[in-house]
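Here is how the chains run, residue by residue.
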Amino acid sequence: MQKHYFKDGLIGANWASDICLHVDADGLVTKVETGVIPPRGIVAHATVLPAMPNLHSHAFQRAFAGLAEFRTPGQSDFWSWRTAMYHFAAHMTPEAVEVIASALYIEMLKAGYSAVGEFHYLHNSHVDQALAMSDAIITAAEQTGIALTHLPVLYQTADFGGVPASKGQAPFLHADGEYDRLLKILKPRLKGRNKLGLCFHSLRAVPEEAFAPAIATMDSLDDSAPIHIHIAEQMREVEACVKSTGKRPVEWLLANQNVDARWCLIHATHVNEAEWRGIAERGAVVGLCPATEANLGDGIFPAAEFMAAGGRFGIGSDSHISIDPREELRLLEYGQRLTRQARTVLTGEGGGHTGEFLWAQAAKGGAQALGQPIGEIAVGKRADLIVLDRTCPTFAGASYAQVVDAFVFAGQPNPVSDVMVAGEWVVRAGKHAKEDEVFARYGELVGRIAAKMEGVE
Ligand SMILES: [Zn+2]
């Protein structure tokens, strides 16, 4: 049993002072005391908040982030970005994935994320290679200390109507029966703070008849495991879905699958009112990745209406153009402000602190989407938390909820000083113990890949 002391922080939904958290050997909070002064010789940490779950990551894309910000003559949109990304994906080996994911997960921890949903579709075709790729992700999580919800992706077709996968999509596929085998082999490997979930790439990549057998296999292993899917990121896929099935993507999913609180709908960007109301009623989480969605020109999710209806959401860094939960939340709010010419939109008309509201809600929704006992500081939850450096000038004059508002909207540079996952400090005074070694390996590897790509193209 360990005791950790904090000057103040967000405990459950309320602010408290002079906090003492009791954490057991499994990293779970067993007792929360307030009004406790630490024993002589022990200095209390500053402000404590629940760490943020990152519900959507494609780790390898971190090494590609920022390298597609030029325009060649002709089309420039999500689909042209995807072609460039496929060229990059072709260079991924298990070693490359491990190095990139390790560097990425350290960046995430330093930014205040404690857990990641790895939407993993680089399988390289057959089960031994797929296993090596998954092992690379699991190793990266274990050596950096981030909690992992591993989501191996089912990917079968290029588009609606069973269009065969293209050459660039070959590394994403499985031969017959191999996806089931992969899930069964991976399940016992994911223990403790790591978890296995089910993942359909999208409606365009998974034919209708493939859903039920994959869900049956997952249920036989863990019938509470999360289920993720990319759902309606681009209008082109909405139109193709309507043409092929007569329904919009979310409409089709709600009508044909037992969508409930296990489901996480990534990029539910293009939804009509019946669709967003349907998601809210089923208790599913919407996975929003505002920095990536802005970078790729996806569109804006009707977040204000959805949240006012009690809809649940979490955030993800997806393509990793940004690895900062505060930037995701800011962009989420700012998208609403810009389209409505209004301020503090997402707290709703009842009022409240926008930064604190968004942090708390995204933490809870993200925890649900990852199937992890995190998202708030409370008895029975895992001790995944962050400490803010209150000497940062941005906090001058701020008290209680204003601290989180200032952190989310004005916290530059990053004021996260310490990060704990499952009761273990993984970031101390802004530094991860392995960052120097891992970032050096990362720089060398990405340099090598870039040189190879220049030679090819
Ligand atoms: Zn994605």
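In this text, all values refer to a predicted model and were calculated from it rather than measured experimentally.

1. Some remarks on helix 8 (residues 273-282)
Okay, step 1: Looking only at helix 8, the buried set comprises Glu275, Trp276, Gly278, Ile279 and Ala280.
Okay, step 2: The inward-facing, buried residues of helix 8 abut helix 7 (249-256), strand 13 (263-266), strand 14 (285-288) and helix 10 (303-308).
Okay, step 3: Immediately downstream of helix 8, the backbone of glycine 283 shows phi near 80°, a positive value.

2. As for the pattern of salt bridges
Charged atoms that come close allow side chains of opposite charge to pair.
Okay, step 1: If you walk through the whole model with that rule in mind, you get 20 salt bridges.
Okay, step 2: Between glutamate 273 and arginine 277 there is a salt bridge; the shortest N-O distance is 2.8 Å. Here the residue glutamate 273 and the residue arginine 277 both occupy positions in helix 8, the gap between them amounting to four residues, near one helical turn.
Okay, step 3: Note that glutamate 435 is salt-bridged to lysine 431, the shortest N-O span being 3.7 Å.
Okay, step 4: On the basis of relative accessibility, which here comes to 9%, the residue glutamate 435 falls in the buried class.
Okay, step 5: On the basis of relative accessible area, lysine 431 is assigned to the partly exposed category, the value being 39%.
Okay, step 6: When salt bridges that share partners are traced, they join Lys110, Lys431, Glu435 and Asp436 into one network.

3. A closer look at the packing of helix 11 (residues 325-340) against helix 13 (residues 401-410)
Okay, step 1: Contact pair helix 11 / helix 13: the axes reach a minimum separation of 8 Å and the direction vectors enclose 85°. With respect to each other, helix 11 and helix 13 are oriented roughly perpendicular. For the pair helix 11 and helix 13, the contacting residues are Arg326, Leu329, Arg330, Glu333, Tyr334 and Arg337 in the first and Phe407, Val408 and Phe409 in the second.

4. Brief notes about the sheet that holds strand 16 (residues 385-388)
Okay, step 1: Read across the open sheet, the eight strands follow the order 3-2-1-4-16-17-18-19; overall the sheet is mixed. Each edge of the open sheet carries a strand with a single partner, namely strand 3 (29-33) and strand 19 (431-432).
Okay, step 2: Relative to strand 18 (residues 424-428), strand 17 (residues 416-421) runs antiparallel, the two being bridged by three bridges. Bridged to valine 421 within strand 18 is glutamate 424.
Okay, step 3: Against the sheet, helix 2 (residues 94-111) engages strand 17, strand 18 and strand 19, with an angle of about 115° to strand 17.

5. Here we look at the environment of lysine 167
Okay, step 1: Considering the arrangement of structural elements, one finds lysine 167 in the loop between strand 9 (163-164) and helix 4 (178-186).
Okay, step 2: Linking lysine 167 and alanine 90, residues 77 residues apart in sequence, is a C-alpha distance of 10.0 Å.

6. Focus: helix 6 (residues 235-245)
In an α-helix there are 3.6 residues to a turn, and that puts residues three or four apart on one side.
Okay, step 1: Where helix 6 is concerned, the buried positions are Glu237, Val238 and Cys241. For helix 6, the angular spread of the buried residues around the axis is 105°, confining them to a single face. When the buried face of helix 6 is taken as reference, the exposed residues oriented beyond 90 degrees from it are Glu239 and Lys243.
Okay, step 2: Check the buried side of helix 6 and you find it contacts helix 7.
Okay, step 3: One or two steps after helix 6, the chain reaches glycine 246, where phi turns positive at roughly 80°.

7. Things to note about the domain arrangement of the protein chain
Okay, step 1: Under the domain assignment, the protein chain is made up of domain 1 (2-49 + 382-430) and domain 2 (51-370).
Okay, step 2: The centre of domain 1, based on its C-alpha atoms, is set 29 Å off from the matching centre of domain 2.
Okay, step 3: Each partner contributes residues to the interface: domain 1 has 27 residues there, and domain 2 has 21 residues.
Okay, step 4: In this assembly, domain 1 packs against domain 2 so that about 2000 Å² is buried in total across both faces, 60% of it on carbon and sulfur atoms.
Okay, step 5: Of all residues in domain 1, the largest losses of buried area upon contact with domain 2 belong to Val408, Phe409 and Val421, amounting jointly to 28% of the total for that side.
Okay, step 6: The interface formed by domain 1 and domain 2 holds one salt bridge in total.
Okay, step 7: Here arginine 193 and glutamate 424 are joined by a salt bridge, their closest N and O atoms 3.1 Å apart.
Okay, step 8: The interface formed by domain 1 and domain 2 contains ten residue pairs in polar contact (both at pLDDT 80 or more).
Okay, step 9: If you list the elements that add at least two residues to the side of domain 1 that touches domain 2, you get strand 16, helix 13, strand 17 and strand 18.
Okay, step 10: Residue contributions to the side of domain 1 that touches domain 2 peak at seven residues, all from helix 13.

Rules behind the numbers
- Residues numbered from 1 in each chain as written.
- Predicted model: local features only at pLDDT ≥ 70, side-chain atom pairs only at ≥ 80, totals over all residues.
- Heavy atoms only, no water.
- Buried < 20%, exposed > 50% of the residue type's maximum accessible area, 1.4 Å probe, protein only.
- Helix = DSSP H or I, 4+ residues; strand = E, 2+ residues; numbered from the N terminus.
- Contact = heavy atoms within 4.5 Å.
- Salt bridge = Lys/Arg side-chain N within 4 Å of Asp/Glu carboxyl O.
- Axes fitted to C-alpha atoms, helices over the stretch in contact; angles between N-to-C directions.
- Parallel < 35°, antiparallel > 145°, perpendicular 65-115°, else oblique.
- Pairing = 2+ DSSP bridges.
- Arc of directions from axis to C-beta.
- Domains from an automatic or database assignment.
- Buried area = accessible area lost by both parts, 1.4 Å probe.
- Polar contact = N/O pair within 3.5 Å; in protein donor to acceptor, adjacent residues only side chain to side chain.

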